[in-house]
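# Structure at a glance
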Amino acid sequence: MDPSPDKSLALRSLRPEDHPAVLRLWEEAGLDVRPRGRDGPKAFAAQLRAPNSHYLGAFRGEELVGAVLANHTGRKGWINRLAVAPQERRRGVARRLVRTAEEALRADGIEVVAALAQRDNAASLALFESLGYVVHPEVVYLSRRERPEA
Ligand SMILES: CC(C)(COP(=O)(O)OP(=O)(O)OC[C@H]1O[C@@H](n2cnc3c(N)ncnc32)[C@H](O)[C@@H]1OP(=O)(O)O)[C@@H](O)C(=O)NCCC(=O)NCCS
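Everything numeric here is computed off the predicted structure, so don't read it as measured data.

The buried fraction of strand β2 (residues 53-60) amounts to seven of the eight residues, a majority that puts the element mostly inside the structure. Pairing between strand β1 (residues 9-13) and β2: five bridges, direction antiparallel. Pairing of Arg 12 across the sheet is with Gly 57, part of β2. Looking at chain direction, β2 and strand β3 (residues 63-72) are connected through eight bridges and run antiparallel.

If you trace the backbone, Pro 86 turns up in the loop between β4 (77-84) and α3 (93-107). Among the residues examined, Pro 86 registers a relative accessible area of 40% and is labelled partly exposed. In the structure, Pro 86 is positioned 21 residues away from Val 65 in sequence and 8.7 Å away in space, judged by C-alpha atoms.

In this section: the site of the ligand. Around the ligand lies a shell of 19 residues, among which Leu 82, Arg 90, Gly 92, Arg 95 and Asn 121 are the nearest. The backbone of Val 84 places a nitrogen or oxygen atom 2.9 Å from an oxygen atom of the ligand. Considering the ligand on its own, with 910 Å² of exposed area, one finds that the protein chains cover 76% of that surface. Counting residues per element, the ones that place at least two in the shell around the ligand are β4, α3 and α4 (122-130). When residues in the shell around the ligand are grouped by element, the largest group, five residues, is from α4. Taken together, the residues of the shell around the ligand sort by class into eleven nonpolar, four polar and four charged.

What follows covers helix α1 (residues 19-28). All buried positions along α1 are accounted for by His 19, Val 22, Leu 23, Leu 25 and Trp 26. Buried residues of α1, seen end-on, are gathered within an arc of 160° and therefore sit on one face of the element. On its buried face, α1 is in contact with α2 (41-49), β3 and β4. Count one or two residues on from α1 and you reach Gly 30, which has phi positive near 80°.

Quick notes on the rules
- Residues numbered from 1 in each chain as written.
- Predicted model: local features only at pLDDT ≥ 70, side-chain atom pairs only at ≥ 80, totals over all residues.
- Heavy atoms only, no water.
- Buried < 20%, exposed > 50% of the residue type's maximum accessible area, 1.4 Å probe, protein only.
- Helix = DSSP H or I, 4+ residues; strand = E, 2+ residues; numbered from the N terminus.
- Pairing = 2+ DSSP bridges.
- Near = heavy atom within 4 Å.
- Polar contact = N/O pair within 3.5 Å; in protein donor to acceptor, adjacent residues only side chain to side chain.
- Areas by Shrake-Rupley, 256 points an atom, 1.4 Å probe, with all protein chains shown as cover.
- Nonpolar A, V, L, I, M, F, W, Y, C, P; charged D, E, K, R; others polar.
- Arc of directions from axis to C-beta.
- Contact = heavy atoms within 4.5 Å.

This is the structure in structure tokens:
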């Protein structure tokens, strides 16, 4: 539990109409965004409806200032696409988003949660380590795309 909860920050599930704000946030946060692929409005709406998904936004008033997409395979949970607006950083927004996503995963019976981060992303690594995540330098990430913009 956060010792001094930030009362002006409200967390709720993301909705299809949040799509433009989510894209803006990801772009501002420097995430790779694929609007003609998996980050398009239809793909986003489908991901929100997918089973085993908990897509959360952190709002200050009406403004989306942070987001995280969490999901699980029944075996392991994943924290994806975590982003906090630059002017909102180091105020505990990411910590709250990740802890809330973990609670949702735990309610689904998930006891192992993982995240992928770039090796040179010092903020992300520091955040996850501060939350008890262990770095696995022996693991290599592999992926394959059906099309370049996917
Ligand atoms: C990584 C990111 C999500 C952190 O968000 P944030 O809201 O600023 O993080 P928090 O304020 O909740 O930080 C919690 C703790 O994480 C650690 N931490 C977070 N950012 C840090 C930084 N830049 N340097 C060192 N430690 C950091 C600290 O231990 C911090 O606690 P403290 O502020 O009490 O010292 C944010 O920097 C971001 O959006 N980065 C760009 C997108 C990105 O890299 N996403 C992650 C993809 S894996």
